[in-house]
Amino acid sequence: MALARRRRGNSQVDYWPGFVDALSTLLLAIMFLLSVFVLAQFLLSQEITGKDAVLNRLNAQINELTSLLALERSDRQDIEDQLLSLQSSLQTNEAERSRLQQLLAGGAGAAQEANERAGLLSEELDDEKQISQRALSQVELLNQQISALRKQISALESALDISEKRDDAANAKIADLGKRLNVALAQRVQELNRYRSDFFGRLREILSDRENIRIVGDRFVFQSEVLFSSGGSEINDAGRTEMAKLADAIKQLEAEIPEEINWVLRVDGHTDDVPLSGNGRYRDNWELSSARATSVVKFLITQGVTPRRLVAAGFGEFQPLVEGDTDSVRSRNRRIELKLTER
């Protein structure tokens, strides 16, 4: 009779494996939600890259949240490991229980040992239930933390939308200002071109179209022989006469061009490709070309031209008008160029 009652008791339905399966399904669902959350956070980080200082602060907050999420995932992994360990222990216990049942069926002599083992297994199962309960509590805490993270991300998305709207408005204003600036610059260039044309026409009349003084493109060109002796930077008497005429034309131009047009007359010095000996006043053509341009500028200043409207530059032999090594080519390349341009 006692043996029959034990068999009926052992044939009752065991709900524990179903509970473990349900818990595993819950963990899988949590893992899926976490994966979706990580993907959403990655897409969000891609969207907010390249924003201004406000967006950078938002990125910093998201990075902190990502670190927190990584910690939570580590905790979740520990819980999963514990659950796997519990499942393994349950399987071992079930195997042990089966062995004990076989011993009970085989003889009454092993009944006492089986009862003792069953008691031990029951205690172990109670301990495992407590561990499972703690694991469920940790899962619940993890769900609450995930909910809080979602709320923070939602707030960050709202702040990002506001920032993007402000950026769109600012970009529209910048585009409008750019269009206005381009129109204004185009108008200034047209005005300066008109004054440049008038200035060159006036110079052409003043200097009487001399052969060694000519216009090349947008520059007025003086051959160096008109102004300087060979290897020197002091303006000769004939050159002073020509430069005085030029100064009068520049002063008239200053009076006519509106003050808001920011213009300068650039004086460029050029030499031929024959190197200097290095024993004279100037060591190379760089110094000679710069000195000649500076001499012209200083002379124009003595004639009353405003200094802030003048620029001196030396190019040495590195910007020739024509290529070649004949005397006529070198003579053309030794020159002073005047160019009316924007500052």
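Here, the structure is the one placed above.
Chemist: Where do I start with the packing of aromatic side chains in this structure?
Modeler: Remark: the centre distance and the inter-plane angle together describe each pair of aromatic rings, the angle taken between the planes. On inspection of all chains with the given rule, the structure shows three aromatic pairs. Plain terms: the ring middles of F220 and F222 are 5.9 Å apart, the flat faces sit at 50 degrees to each other, and that makes the pair tilted. The pair F220 / F222 is uniform in exposure class, with both members buried.

Chemist: Hey, could you run me through a nonpolar patch on the surface in this one?
Modeler: Together, F32, L33 and V36 line one region of the surface with nonpolar side chains, adding up to about 290 Å² of accessible area. Overall, V36 belongs to the partly exposed group, its relative accessible area being 42%.

Chemist: Just to check I follow, could you spell out the pairing of strand 2 (residues 219–223) for this structure?
Modeler: Within a regular beta strand, the side chains point alternately toward one face of the sheet and then the other, so they alternate between its two faces. Among the five residues in strand 2, four count as buried, and that is most of the element. Both strand 1 (residues 213–216) and strand 2 contribute to a ladder of four bridges, which runs antiparallel. Across the sheet, residue R214 finds its bridge partner in strand 2, namely V221. Linking strand 1 back to strand 2 in an antiparallel pair, the connection comprises two residues, with G217 at a positive phi of about 65 degrees. Across four bridges, the pairing between strand 2 and strand 5 (residues 335–342) is antiparallel. Its bridge partner lying in strand 5, V221 is registered against E337.

Chemist: Just to check I follow, could you spell out the pattern of salt bridges for this structure?
Modeler: Two side chains of opposite charge can pair, provided their charged atoms sit close to one another. On inspection of all chains with the given rule, the structure shows 12 salt bridges. In this structure, R219 and E337 form a salt bridge, with 3.2 Å as the shortest nitrogen-oxygen distance. In this pair, R219 is assigned in strand 2 and E337 in strand 5, connecting sequence segments 118 residues apart. Look at R219 and you get partly exposed, because its relative accessible area is 23%. In this structure, E337 and R335 form a salt bridge, with 2.6 Å as the shortest nitrogen-oxygen distance. Taking relative accessible area as the criterion, E337 reaches 2% and is therefore assigned buried. The buried category is assigned to R335, whose relative accessible area is 2%. Several salt bridges share partner residues, and in doing so they unite R219, R335 and E337 into one network.

Reading the values: the criteria
Residues numbered from 1 in each chain as written. Predicted model: local features only at pLDDT ≥ 70, side-chain atom pairs only at ≥ 80, totals over all residues. Heavy atoms only, no water. Phe/Tyr/Trp six-rings, centres within 6.5 Å; stacked < 30°, edge-to-face > 60°. Buried < 20%, exposed > 50% of the residue type's maximum accessible area, 1.4 Å probe, protein only. Patch = residues over 30% accessible without salt bridge, like charges linked within 9 Å, V, L, I, M, F, W, Y side chains within 5 Å. Areas by Shrake-Rupley, 256 points an atom, 1.4 Å probe, with all protein chains shown as cover. Salt bridge = Lys/Arg side-chain N within 4 Å of Asp/Glu carboxyl O. Helix = DSSP H or I, 4+ residues; strand = E, 2+ residues; numbered from the N terminus. Pairing = 2+ DSSP bridges.

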